[in-house]
Structure formats: C-alpha cells, structure tokens
Amino acid sequence: MLNSVSSKCQDAKSQMDSAKLIASASMQVLCDLLDSAKNLSWAGAALAMVAYTLRRLDRVSQNNITCHTLLRSMSSLAKHIRALVPELKEHDQKLRDATFLIARGVTLCSVHWRRGVLSKFGFADTTMGDLDQLCQEIRDVYPDLNLAVAVSIHKNQKILMRQMSHPLSPFTPAYPSNKVGLDIRVEEVIKKLTLESSDVRAVVLHGLPGIGKSTLGDAVYAKLNFPGRTHCRIEVGENPSAEKICSLQASILERLSGDKVKLGYPLEGRQRLEKYLEECRESLFIYIDNVLNPNDLQDLLPEKLVLPPKSRILVTSRVANLCSELDDRGVVSELYEVEELDFAQAKQMFCLLVFEDEDPPPVKKVQVSQVLKACGGMPLALELVGKYLRRQRSRQNWDTAWTHTLVSLQSSDPLAGTKDMSSYLGKLESMYEQLSKPLQRAFLDIITYYLDLPWEMVNHVIGEDQLLALQELAFVKKSSLDVDGIDRVHVHDLLVSLGRKLESGLRISSSEEDQLPTLLKSDDRDKKPIEGLCLRNCMEELSVESLDSLSASLRILILEQNVAGRCRKVPAHLQLFITQGSMPFQHIEKLTELAVLKLCEVDMDFDFVQFPDQLKSLIINDCQTLKELPEWFIELRILSSLDLSFCKNLQRLPDDFGRLTALQSLELQDCKTLEELPVDLINLTALQRLNLGGCENLKSLPAKFGQLSMLQRLKLWRCGRLASLPSDFGELQSLQELNMSLCESLERLPENFGHLFNLQSLELRFCRMLKALPEDFVHLSALQRLDLTGCEMLVTLPEGIGQLTGLWELHLDECESLKKLPEGFGGLVALHTLSLAGCCSLSALSEDFGSLESLLMLKLTDCSSLTSLPESFKQLVALKSLDVAGASDELITSVGELVSSSCNINIVPEPSSGRWQVSDMTWQTYLQEPNGPRWLMIDGYDFDDHDFQS
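Here is what the cut-offs are and how they apply
- Residues numbered from 1 in each chain as written.
- Predicted model: local features only at pLDDT ≥ 70, side-chain atom pairs only at ≥ 80, totals over all residues.
- Heavy atoms only, no water.
- Helix = DSSP H or I, 4+ residues; strand = E, 2+ residues; numbered from the N terminus.
- Buried < 20%, exposed > 50% of the residue type's maximum accessible area, 1.4 Å probe, protein only.
- Contact = heavy atoms within 4.5 Å.
- pLDDT = per-residue confidence, 0-100.
- Salt bridge = Lys/Arg side-chain N within 4 Å of Asp/Glu carboxyl O.
- Expected span 1.5 Å × (residues − 1).
- Arc of directions from axis to C-beta.
- Phe/Tyr/Trp six-rings, centres within 6.5 Å; stacked < 30°, edge-to-face > 60°.
- Axes fitted to C-alpha atoms, helices over the stretch in contact; angles between N-to-C directions.
- Parallel < 35°, antiparallel > 145°, perpendicular 65-115°, else oblique.
- Left-handed = near helix turned anticlockwise from the far one by under 90°.
- Nonpolar A, V, L, I, M, F, W, Y, C, P; charged D, E, K, R; others polar.
- Pairing = 2+ DSSP bridges.

1. Here we look at the environment of F873
- Considering the arrangement of structural elements, one finds F873 in the loop between strand 25 (857-859) and strand 26 (881-883).
- Given a relative accessible area of 1%, F873 falls into the buried group.
- Here the alpha-carbon distance between F873 and V895, two residues 22 residues apart in the chain, equals 9.2 Å.
- Setting aside residues up to four positions removed in sequence, F873 forms contacts with F849, G850, L858, L879, L882, L898 and V899.

2. Looking at the confidence of the model for the protein chain
- Summary statistics for the protein chain give a mean pLDDT of 78 and a share of 73% for residues scoring 70 or more.
- Considering only residues more than four positions removed or in separate chains, one finds that residues 111-126, a stretch of pLDDT under 50, has 53 contacts.
- Long-range and interchain partners of residues 146-171, a stretch whose pLDDT sits below 50, account for 67 contacts in this model, where long-range means more than four residues apart.

3. A look at the pattern of salt bridges
- Across all of its chains, the model carries 41 salt bridges by this definition.
- Put simply, E871 and K874 hold a salt bridge, and the shortest N to O gap is 3.1 Å.
- Taking the relative accessible area as the measure of exposure, E871 reaches 55% and is therefore exposed.
- Looking at K874, the relative accessible area reads 46%, which means it is partly exposed.
- A single salt-bridge network, built from bridges that share partners, covers D445, E503, R507, E531 and R555.

4. Re helix 17 (residues 398-409)
- End to end, helix 17 covers 16 Å across twelve residues, agreeing with the expected 16 Å (1.5 Å per residue, within 8%).
- Along helix 17, the residues classified as buried are W398, A401, W402, T405, L406, S408 and L409. End-on view of helix 17: buried residues confined to an arc of 160 degrees, all on one side of the axis. Facing away from the buried side of helix 17 by over 90 degrees, the exposed positions are D399 and V407.
- If you follow the buried residues of helix 17, they end up packed against helix 14 (343-355), helix 15 (365-375), helix 16 (379-392) and helix 18 (421-432).

5. What about the packing of aromatic side chains?
- A full pass over the atoms with the stated rule returns 18 aromatic pairs.
- Arranged with centres 5.3 Å apart and planes meeting at 70 degrees, the rings of F577 and F585 form a pair that is edge-to-face.
- The exposure class of F577 is buried, given its relative accessible area of 0%.
- Under the relative-accessibility criterion, F585 is labelled buried at 4%.

6. Digging into the packing of helix 14 against helix 16
- One way to put it is that helix 14 packs onto helix 16 with a least axis distance of 8 Å and a crossing angle of 30 degrees. Regarding the angle of helix 14 to helix 16, the classification is roughly parallel. At the point where helix 14 passes helix 16, the crossing takes the right-handed sense. Along its contact with helix 14, which presents A346, M349, F350, L352, L353 and V354, the element helix 16 presents P379, L382, E383, V385, G386, K387, L389 and R390.
- A per-class count over the contact of helix 14 with helix 16 returns ten nonpolar, one polar and three charged.

7. Considerations on the packing of helix 18 against helix 22 (residues 493-502)
- Contact geometry for helix 18 and helix 22: axes closest at 10 Å, N-to-C directions at 75 degrees. For the element pair helix 18 / helix 22, the angle class is roughly perpendicular. From helix 18, M421, Y424, L425, L428, E429 and Y432 reach across to helix 22, where they touch L494, L495, S497, L498, K501 and L502.
- Partitioned by chemical class, the residues of the contact of helix 18 with helix 22 number nine nonpolar, one polar and two charged.

8. Regarding helix 22
- Counted residue by residue, helix 22 has eight buried out of ten residues, so it is predominantly covered.
- Burial in helix 22 covers these residues: D493, L494, L495, V496, S497, L498, G499 and L502.
- Lining the buried residues of helix 22 we find strand 3 (283-291), helix 16, helix 18 and helix 19 (437-450).

9. Notes on the pairing of strand 4 (residues 312-317)
- Counting buried residues in strand 4 gives six out of six residues, a clear majority hidden from the surface.
- Judged from the six bridges that link them, strand 1 (residues 201-206) and strand 4 form a sheet pairing that is parallel. Note on strand 4: the bridge partner recorded for H206 is S317.
- With five bridges joining them, strand 3 and strand 4 adopt parallel strand pairing.

Take a look at the structure:
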C-alpha cells in the first residue's frame, strides 16, 4: 500500500508547483485507501495515524513543542469525532473534512523526521507558522461539529448523556464490547430493580466464578442513566484488609457526597456512612462488585441501611445467602442467577474473539467444537483461549498452537454442567501453561504484589511489553475505577486463586501481626531462592541478617515495618523497593536494576544519599526532613513519575528541574511550605499530570506555563494564596481536567481561558473571590462538568453559556450573589443535572428554561427569592427529580401545575417555619388527580399512591 501511495505522490509532484500541495495530496491518497479498507472508519484511521506519529516523537528534529501541541490537538479531535459518530451519521462530509485535517497534520509533522515510513509523503519544509495555522484550523472545527450534534439531538429527541458522560467518569465502566447474550440479561436485571418503585431494594447477581457476573453488573451500571440518582461503584475482592475496607468506604462517601474523607478503621467508616445515608435526600444507586464473603459486607456497610426512597443496590457474588444479609439490614433483596452461555452463544463469543466473525472458517469447525466442549459456556475460559489463539493467528505456528491448546484443555474434565472449582482452575491453568516463562513470572508477581497498584508503576517494574501481552491475553486488565482516574492493575478473582495455587514459595507476602513468616526464620531458606518479600503489620522486627541472606535473588521488597540496622549486602537485582519508617540500605545507588522506589515517613539526609540513575518512578511521601532536592536529583533523566506529596517542609525545587524531560506525572500534594515553582518547569514537555493541591503558600505558576502542551490533569485545589493564572494558560491544549476548588484568593480567570478546547471537567468550588467568568468561557466546547459551588461573589454567568452543548452537569450551589440565569440558558441541550441549592438571591430562571430537554435532576433547595417558574417549565418532560425544600410558598404552590407526573418531588420545610401545610388547597387538589406524582416526601414521610387517593 505504501509503495502505491508513494507512486501516486510522485505523479502528483510533477503536476504541482507547491511542495506543500504535494504533501497534502499524498496524504489524501493515503486517506482514500484507508477509507476504502474493510473495517476502518474515518475516526479509526485518524487515531491510527496519530498513534503512529506519537510513538515516534523522538525522531522530530525541530519545532518539537509545536509538533507536540499539534499532535495532541489531533488526537483529541479524533476522539471527539469517534464520540460523536452516532449523532453525525448524516454529516459524513464533516467527519471527512475534520479527519483530513488530522491527516494533513500527520504529514506536516512527518516531514521533520530524519527517517520513518511517512517521511516519504512530505517533500516540503514545514515552518512553525504552518503548524500553528493548522492548530487554529483544528480548533475552528470543534464548534461546527458540536453544532451538527446539537441539531441531530433536537431533531431526533435524543439525550447525548450516554456518549458524553463516560470519558469524564473514570469509575463508570463502559458497556462491555463483547455483548453476546448480554443485552437480554441486562434488561432482565433492570426489570428486577423496578426503578420506578418508591421503596428501597437490592438485586444480587449470583453465579459460578468466571461466569460473567461482573460483566453483567458493569453492563447494567453502564446502561442506566441514573435519573435523579447519585451513584457509585466499588469492588470488594478476596479477603479485603481493614485498610481496604476503609478505602472502599471512603470511595463510597466521596463518590456520593463529593467530600474527601480519611478513615482510620471500618467502624468509623460504617458510622460515617450511616450518618450520610440518614441525612441524604437524593435517591442513590450503589453497585458493589465481587463480594466473596458475607462478612465483608458486614464490615463494609452499616448494620441498618436507612436509604432514601427509590434507592437501589446492585451486588455481584458467588455467595447465594447475601440476600438474607441485605434483608437483615432492612433492604428488600432479590436473587438473579447468572447462567452459563448456551452452545450457540459460546460459539458466537469464541468465534468473534478468534476470527472476528460469528462463524469459524470450514477448516476450523471441528477444532472450534472441541474447544467449546472443553470450556462449556464459561465466558472467562472462552476469553482466555480465544485471545491466546487470536494472538497466535499472525504467526507461522498457528495450527501448532491450536493442537497444543486442545491437548492441554482436554487433559482436564469438561466444564459444562460442573460446579467444581478445581475443574475451572484446571482450564485456566492450561492457558497459563501456554505463556512464556517471563510472562508466567510476571503474572505471579502481579498476583502476589501488584494487585490494584497503579498501572504505570507496575509497567515500570515488569516492562511495557510483558504487561501489554498479559493484558492482550486477558490475564490482567486495566481498571479505571479510581476516583482520581488513575488506571490500576486488575485481575479476575478466579485467576487470582489460580496464581496463589501456582506460587511455589519463591514469593513471600505476609500480613501477620504477631511474627515473621516461618520461611524467613527457617534454616532451609537458602535451598529455595526468595524472589519477593512483602511484610505488613508484623510486630516482630526483621533482622538485617535475614535480608542479607536473600540479597542474591531478591527482586521485590515491600517493608511496612522497622528494620534494625543496615544491611551489609546489596540486592543487586532489586526492581521494586517500598519501605515505611526505615532504610535498611546505605548505598541505594548500588541498586542498579531498581525501577520503582517508594519511601514513606523515612527520615534521612538526602544530601548524603544518591539514587540509581535508571529509576522510573520515585515516591517520597511524608518525609519531614526533606526541605529541598539535592543537586544530583536532576540526573534521573528517565524518571517518568515523581511523587513528593505530604513533604510539608519542602521549600523549593531545583532551578534546573526542567531537565527531567521524561517526567509525565508530578505529585506535590500538601507541600505546604512550597511558595513557587522553578521557571524552567515549562521544559517538562512530556508532563501529563500535575498535582499541586494543598500547596497553601503557592503564590503563582511560572510564566509561559501554557507551554506544557501535554498536560491533561491539573489540580490546584486549596492553593489559598494563588490569586491568578498565567496569561498564556489558555494554551494548555491537552488539558482535560482542572480542579481549583478552595482557591480563595482567585479573583478572575485569564482572558484566553476559553481556548482550553479539550477541557472536560472544571471545579471552582468555594472560590469565594471569583466575581465573573471570562467572555470566551462559552467556547469551552468539550466541557461536560462544571462546579461553581460556593462562589459567593459570582453575580452572573456569561451570556451565550447555552453554547456549551456538551455540558451535562452544572453545580451552582450557594452562589449567593447569583440573581438570574442568562437568556439562552436553555441551549444546554445535554444538561441532565442542575443544582441551584442555596442561591438565595436567585429571583428568576431564564424564559427558555424549558428547552433543557435532557434535564433529569433539578435542585432549587433554599432558593428563597425564587417565587415563580417560567411557563416553559412544563416542557421538562425528562425531569425525574425536583427538590424545592426550603423554597418560597409561592414557588411550592406553582410547582404542582408545572411538573410531569413521573417526576419525584421533595418538599421538606424548614423545621421552625411550618410555612407549608399539607392542607394547602392547590396541592391537595393536585395530589388527588390521576396524573399526580407517584412519590412525594414531606418532612420525611413517604406518601405512596394509596395515600394520595385517600
């Protein structure tokens, strides 16, 4: 294909005077070929080209920063196109035009390469002006695409929320791509949840291990749009420690209430949960995945679950008696049995995995039948076998791989109809044996030490090729359920059981509180080389002699306890070292294979130590002796992740800190004495995540901060002395998430803030001095979530805010100076959550308020100055939840005439006023009408349909 394209480009060259036109035409030929290829969409082609270019940025010879900016813009545009494709089928030319911009961008960047496949398509020199011009063209394309989407939504009366919400909600799983036999089950579970009923109930998805309970649960969670419900998802897993239980409880509280909490023990967590649930007014949806023991549910949840009406709980478990556990907590529960796939479904799933078709080729029909007979209808087994054979497909020994796989599978009993755990593990072990020795070792390391750790950290230790191979083979998965959006390593619990069964004693992991593992004290320990050691919460002190005896073979060392003295030997093959409270090694620089180092609460003089140059991830947390980084620190040239959080005495970073050009993540949370950042921080051109939250004395960001063209996430919350942002802040073209909550000195945003075309989430909670948003704020075309809670001096919103057609969640709580919503507010066609609670000066909604056709949840709590609703309010047919607690008498009286019969209304008067009475004639009449609300809460009492009629 490349030769053909090159030939056509040469013909074009002879016919055109401009070399730039030739380069553009050559890429057009490439695009045409890609467009005509089977199974390739425009968006897919664009993403493929951008990915190819990004992987080879080391070959860019000049204009490096500008190329970075352009490529990030192209990547974001390609993702934007892909997300909008369902709504733009009738605008194919717009997609083609937008994608051609991406193709042209790849060409312009490729001409800078000294070598590379695409370099043959570019014949002209490219200037920075050319690249900047294309960047602007790409920015200009966004409004046109978004306008087309808005027209499609209005025309087809669709809600864009499902397309737009997932990228912003890292803890919401996407609907599974392998949907064989899934859609019908999802509808059955949703029917059991009976979402419209006003009671509180739960559904437990029960079934054998590996049968697809979590897949079904994730699909249900992704399918629901949670009208009027706050929702969260957690995963419990096998034998969760007290620390993990606390972490899960904190996650529930944070995801439901938005408040970050720290919990010391599970009892405290249960008490905090109980208090929150009792005070909560909103209906909740809580999804608890992978509960393997009823005791874990007891540790996690309060003894009595007092949930708001219409709340739902979804649980997945292999334990059937969880229903009785929930019943005892006052929640009506029902069991849903997840059955194995039938033969036709298993065949369809397997063939799609291996052949990308629902039917096998004729030469493979017999072998496919043999695989299905061996694996039965168990999705996990089918997935492991299917992905292994698919990976072998491009290799010469494909037929041999089929033969070996079948022999291995047939050596254990068939799975169909069995409930024997050993049979399941036997099939999984058959696929484990197909892995290479390095992959087997990496898998067992993950099972023993790396579960739920950040993906990036594990990648540094194991190696990218091996981790991606295990992911491709379905032995590990990347989980994005973290509140902060950090990808973590996840393994199916059945594979975890397999790994622990196969571990041969080379790895020690202990959480015993009383004494060290016997193997460490055994005289026979020299006979078996220990490769990994993890000790947590052990009261018995570990001797340096024991560590010295392991030095020859140790690759992984995790110590959360004190070690007396210093080791005489250095474990030269150590790859990961985590220690808390003590440092057993005097010469860390001699750990020449160390990739990840984490020091917690270690008091040491950093001027007299040196770290190995090959470190990729360095974490120094809560080290009170660290006041500044030593001069040698900048020699860590391949360091990609640095975390100095909670080092409260850290005063400054080195002036040449920008020489750490490989750095992708920088965490400086709660470095309370840090006042400024080095000027050359802007040279960290690979930086993607920067956390400065809690840096209370930070006064400013460096000039030319906008040159951090790769920056995607920026946290500046509780930077109380930060009064303004740099003038070029709007040039952060890759920025997707920005949190500046509790920046109480922040008075304004820069005038070019609206140039952040990729910004999806913006939090400005309790920025009490912020008086207005800049005029170009309305150009944030990718914005999905905006939180201005507690901005007390904010008087108005920008005119034209209705142009934010992708915005689906808006919080304006406690904006006490906000007097009205601007006209055009109804243009927020994707908005599904709007909270105006505590806007005591708000006297009017916009006349076009009823155009918010996607609005599901509206809070007008304590809007005491709001006395009426616009006539267009009747048009809010999608509205499911309305809260007018503490509102004026006039407003409450008018609500009954304007809301839909399917809307849940919450009216809780202030306890001291008694200003609203059930005997009010307007409401009494309305409640008796057939189309009255199905559920109403008045001062904590639930009135159902029977109460209305009586």
